[in-house]
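Close look at the chain arrangement
If you want the building blocks of each chain, they are given just below.
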Amino acid sequence: MKWWWVACCCLALNVQAETFDAKVIAVLDGDTVLVLREQQKTKVRLVNIDAPEKQQPWGKRSRRALCQLVCKREVQIETQAVDQYKRLLATLYVDGINVNREQVRRGMAWEYSHYHADKAYLALQSEAQQAKSGLWNDANPQPPWLWRREHPWQPKPSLGAP
């Protein structure tokens, strides 16, 4: 009975999967872009990776590295799901390059195996660590999931607030 439930879940994920081309119109951070598809703006979160937050060391460099790869370019997007923030969760490709993996290979993001089983990401991160690429050049870089725990998001006060 358990295997049947797992099979149904896998089929449900496949139903949501879609591949399409779109133009990247903005890079929001090292693992999130804004694309234009059929005159609609859509946020896309790169799956299997977690990049430093903008306020975190390497956050701005991670964003710039992603921008160098995809800004103002047509990319192929392979979606997997939609997250709680209504972003598409996807893998991006530009000129045949897997952008998600490239961010890890360059040391601009952590692999995030908490949500995947793709061992290629682990290997790319290990290579980046050994080569001291990107954030791995720091003695002890802090993963973004730990940084977010220590720096919970605070909404900005409204203009009329005292």
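Residues numbered from 1 in each chain as written. Predicted model: local features only at pLDDT ≥ 70, side-chain atom pairs only at ≥ 80, totals over all residues. Heavy atoms only, no water.

1. Quick notes on the side chain of Arg 45
- Among the secondary structure elements, Arg 45 is positioned in strand β3 (residues 40-46).
- A polar contact of 3.4 Å, which involves the side chain of Arg 45, links it to the side chain of Asp 50.
- In this view, Arg 45 contacts Asp 31, Thr 32, Asp 50, Arg 87, Leu 88, Leu 89 and Ala 90; residues no more than four positions away in its chain are not counted. (Helix = DSSP H or I, 4+ residues; strand = E, 2+ residues; numbered from the N terminus. Polar contact = N/O pair within 3.5 Å; in protein donor to acceptor, adjacent residues only side chain to side chain. Contact = heavy atoms within 4.5 Å.)

2. Description of the pairing of strand β6 (residues 88-94)
- Of all seven residues in β6, five are buried; the element is thus mostly enclosed.
- The pairing of β3 with β6 spans three bridges and is classified as parallel. Paired with Leu 46 across the two strands is Ala 90, which belongs to β6.
- Bridge analysis of strand β5 (residues 74-82) against β6 gives six bridges, and the strand direction is antiparallel. By the bridge assignment for β6, Thr 79 is matched with Ala 90.
- Between β5 and β6, which pair antiparallel one after the other, the connecting turn spans five residues, and Lys 86 there sits at a positive phi close to 65°. (Buried < 20%, exposed > 50% of the residue type's maximum accessible area, 1.4 Å probe, protein only. Pairing = 2+ DSSP bridges.)

3. Let's talk about the pattern of salt bridges
- What the rule picks out here adds up to ten salt bridges.
- As a salt-bridge pair, Asp 50 and Arg 148 come within 2.7 Å of each other at their nearest N and O atoms. Placement of the pair is Asp 50 in strand β4 (residues 49-50) and Arg 148 in helix α5 (residues 144-150), with a sequence separation of 98 residues.
- Looking at Arg 148, the relative accessible area reads 32%, which means it is partly exposed.
- The closest approach of N and O atoms between Arg 148 and Glu 53, which form a salt bridge, is 2.6 Å. With Arg 148 in helix α5 and Glu 53 in the loop between β4 and α2 (59-70), the pair connects residues that are 95 residues apart, well separated along the chain.
- Each of the salt bridges in this network shares a partner with another, and the network as a whole consists of Asp 31, Arg 45, Asp 50, Glu 53 and Arg 148. (Salt bridge = Lys/Arg side-chain N within 4 Å of Asp/Glu carboxyl O.)

4. Looking at α2
- Taking 1.5 Å of rise per residue, the twelve residues of α2 would be expected to cover 16 Å, and the 17 Å separating its terminal C-alpha atoms lies within 8% of that figure.
- Buried residues of α2: Gly 59, Ser 62, Ala 65, Leu 66, Leu 69 and Val 70, and no others. For α2, the buried positions fall inside an angular range of 125° around the axis, keeping them on one side. Facing away from the buried side of α2 by more than 90 degrees, the exposed set consists of Lys 60 and Gln 68.
- Its buried side turned inward, α2 meets β1 (18-29), β2 (32-37), β3, β5, β6 and α3 (99-105).
- Backbone geometry just after α2 places Lys 72 at a positive phi near 60°. (Expected span 1.5 Å × (residues − 1). Arc of directions from axis to C-beta.)

5. Here we look at the state of the cysteines
- The full count for this structure, using the stated rule, is one disulfide.
- Two residues, Cys 67 and Cys 71, share a disulfide whose sulfurs are 1.9 Å apart. Sign of the S-S torsion, about -105° for the bond between Cys 67 and Cys 71, identifies this disulfide as left-handed.
- Residue classification places Cys 71 among the partly exposed residues on the basis of a relative accessible area of 22%. (Disulfide = S-S within 2.5 Å.)

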